[in-house]
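So the chains spell out like this:
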Amino acid sequence: MDPSDLDAWAAEAAAAVGATVGDGDVAAVLDLARDAAHGIARPAAPLTTFVAGIAVGRGLPLTEVVAALTAAIERRSA
């Protein structure tokens with residue numbers, strides 16, 4: 001799938017729930033999902049991104065959420 005297709009889908013999905021997707025958000029979430037899938041287990045990818053969404057929905061910046069979850073993945077897989 002072309003990255004622009006993912007960006008378009010993310011924008012459409014966000015609009016469907018009254019949200020917006022910022023520049024770089026799609027790549028950050030996909031990288032987080034990849035790290036969870038490889039560092040924990042494949043099923044951890046959607047679960048981790050769900051947790052990230054909850055945190056962002058509560059007002060935490062995505063960059064901080066990704067950093068915290070990436071650190072947790074690294075601790076768990078060490």
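Worth saying up front: this structure is predicted, and the values here are computed from it rather than measured. (Residues numbered from 1 in each chain as written. Predicted model: local features only at pLDDT ≥ 70, side-chain atom pairs only at ≥ 80, totals over all residues. Heavy atoms only, no water.)

Next up on the list: the nonpolar core. By size, the foremost hydrophobic cluster in this structure holds 10 residues: Leu32, Ala36, Ala44, Ala52, Ala55, Leu62, Val65, Val66, Leu69 and Ile73. Residue assignment for this core shows that the elements contributing at least two residues are helix H2 (25–39), helix H3 (44–57) and helix H4 (62–77). Per-element accounting of this core gives the leading share, five residues, to H4. Residues within four places of Leu69 in sequence aside, it is in contact with Leu32, Thr48, Val51 and Ala52. (Core = buried A, V, L, I, M, F, W, Y, C linked by side-chain atoms within 4.5 Å. Buried < 20%, exposed > 50% of the residue type's maximum accessible area, 1.4 Å probe, protein only. Helix = DSSP H or I, 4+ residues; strand = E, 2+ residues; numbered from the N terminus. Contact = heavy atoms within 4.5 Å.)

Right, let's talk about the packing of H2 against H4 for a bit. Relative to each other, H2 and H4 sit at 10°, their axes nearing to 10 Å. In terms of axis orientation, H2 runs roughly parallel to H4. Crossing angle aside, the handedness with which H2 passes H4 is left-handed. From H2, Asp25, Ala28, Val29, Leu32, Asp35, Ala36 and Gly39 reach across to H4, where they touch Leu62, Val66, Leu69, Thr70, Ile73 and Ser77. The residue inventory of the contact of H2 with H4, partitioned by class, reads eight nonpolar, three polar and two charged. (Axes fitted to C-alpha atoms, helices over the stretch in contact; angles between N-to-C directions. Parallel < 35°, antiparallel > 145°, perpendicular 65-115°, else oblique. Left-handed = near helix turned anticlockwise from the far one by under 90°. Nonpolar A, V, L, I, M, F, W, Y, C, P; charged D, E, K, R; others polar.)

Moving on: the layout of surface pockets. What the largest pocket holds in volume is close to 570 Å³. The wall of the largest pocket is formed by 19 residues, among which Ala10, Thr20, Val21, Asp25 and Val29 lie closest to the centre. Breaking the lining of the largest pocket down by element, the ones donating at least two residues are helix H1 (3–16), H2 and H3. For the lining of the largest pocket, the residue count by class is 14 nonpolar, four polar and one charged. Approximately 150 Å³ is the volume attributed to the second largest pocket. Surrounding the second largest pocket, Ile40, Ala44, Leu47, Thr48, Val51, Leu69, Ala72, Ile73 and Arg76 form its lining. Those elements giving two or more residues to the lining of the second largest pocket turn out to be H3 and H4. Tallied by class, the residues present in the lining of the second largest pocket amount to seven nonpolar, one polar and one charged. (1 Å grid on protein atoms, 1.4 Å probe; cavity = no way out; pocket = protein on both sides within 12 Å on 5 of 7 lines; lining within 4 Å. Points joined across faces, edges and corners; volume = space filled by probe spheres on them.)

Note that all results are geometric; they support no functional claim without further evidence.
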